[in-house]
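Structural features, examined
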Amino acid sequence: MTVLTPGMTCHRGKGKTLWEIIEVNDRTHMVSLSALGKGGYTNKHTTTDELTNILPQRLEVPLHLVLAKQTQAKQKASALEYQLRFCNHSDKIREAAEVAFLAADVFAAACAKHNAGLADLGIEAS
């Protein structure tokens, strides 16, 4: 039996859509999937039994890592927003802005690498 890990690709049943595994719950035998090239917006949750054509991770930066960088960037942006709203110390505001910008830059770089990997597979990112 194949051990499923985030980043692997698969199909659901006889479907043609290529899915990337985003999360695996071994306890419930459920997986979260995202259609490759759809920017993480076309998501499905299904049982491991429905997966076919399971392939190892082929992208240098898989979508689950992009989504993790997105979450980090959102958290840093929220921290900046908090500083802008409640703080009157310019040093703290500047520091929060620098941290938020760096997190956004890391997220943008992850997106670019992910999309380049999709292009290498012949998949157009939308």
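Above this note sits the structure.
Here the structure is a predicted model, which means the values were calculated and not measured.

On to the environment of F86. For F86, the position within the fold is in helix 1 (residues 63–86). Among the residues examined, F86 registers a relative accessible area of 53% and is labelled exposed. For F86 and S126, which are 40 residues apart along the polypeptide, the C-alpha to C-alpha distance reads 37 Å.

So, about the packing of aromatic side chains. The tally for this structure, following the rule as stated, stands at 1 aromatic pair. The interplanar angle of 45° and the centroid separation of 5.0 Å between the aromatic rings of Y82 and F86 together place this pair among those described as tilted. Pair noted here: Y82 and F86 are both in helix 1, with a separation of 4 residues, about one helical turn.

A few words now on the sheet that holds strand 4 (residues 43–47). The antiparallel open sheet is built from 5 strands, whose spatial order is 4-3-2-1-5. Edge positions in the sheet fall to strand 4 and strand 5 (51–55), since each of these pairs with one other strand and no more. Taking the axes of each pair of neighbouring strands and ignoring which way they run, one obtains an average angle of 40° across the sheet. With 3 bridges connecting them, strand 1 (residues 9–12) and strand 5 associate as antiparallel partners. Its bridge partner being in strand 5, T9 is matched across the sheet by L55.

Turning next to the nonpolar core. Ranked by size, the top nonpolar core spans 9 residues in total: L4, M8, C10, W19, I21, V31, L33, A35 and L51. When residues of this core are traced back to their parent elements, those giving at least two are strand 2 (19–25) and strand 3 (30–35). Per element, the largest residue contribution to this core is 3 residues, and it comes from strand 3.

The subject of this paragraph is the environment of H114. Checked against the element boundaries, H114 lands in helix 2 (residues 90–120). What makes H114 buried here is its relative accessible area of 6%. For the pair H114 and P62, spaced 52 residues apart in the sequence, the C-alpha separation amounts to 6.2 Å. The residues touching H114, leaving out its near neighbours within four places in the chain, are E20, L59, V61, P62, L63 and V66.

About the cut-offs
Along each chain, the written sequence defines residue order, and numbers are assigned to residues from 1. Residue-level local features of this predicted model are given only where pLDDT is at least 70; pairs of side-chain atoms are given and counted only at 80 or more, and the full residue set underlies all totals for whole chains, interfaces and linings. To get the side-chain values, all heavy atoms of the structure are used, and hydrogens and water are removed first. Only DSSP runs of H or I with at least four residues qualify as helices, and only runs of E with at least two residues qualify as strands; both kinds are numbered from the N terminus onward. Type-normalised accessible area, obtained with a 1.4 Å probe on protein chains alone, sets the label of each residue: buried when under 20%, exposed when over 50%, and partly exposed for intermediate values. Stacked, tilted and edge-to-face are the three classes assigned to paired rings of Phe, Tyr and Trp, where Trp is represented by its six-membered ring and a pair needs centres within 6.5 Å; plane angles under 30 degrees give stacked, over 60 edge-to-face, the rest tilted. Pairing between strands requires that DSSP locate at least two bridges from one strand to the other. Under this scheme, a helix contributes an axis fitted over its contacting stretch, all axes are lines through C-alpha atoms, and angles between N-to-C directions fall in the 0 to 180 degree range. Buried Ala, Val, Leu, Ile, Met, Phe, Trp, Tyr and Cys residues form a nonpolar core when they are joined through side-chain atoms within 4.5 Å. Any two residues whose heavy atoms approach within 4.5 Å are treated as being in contact.

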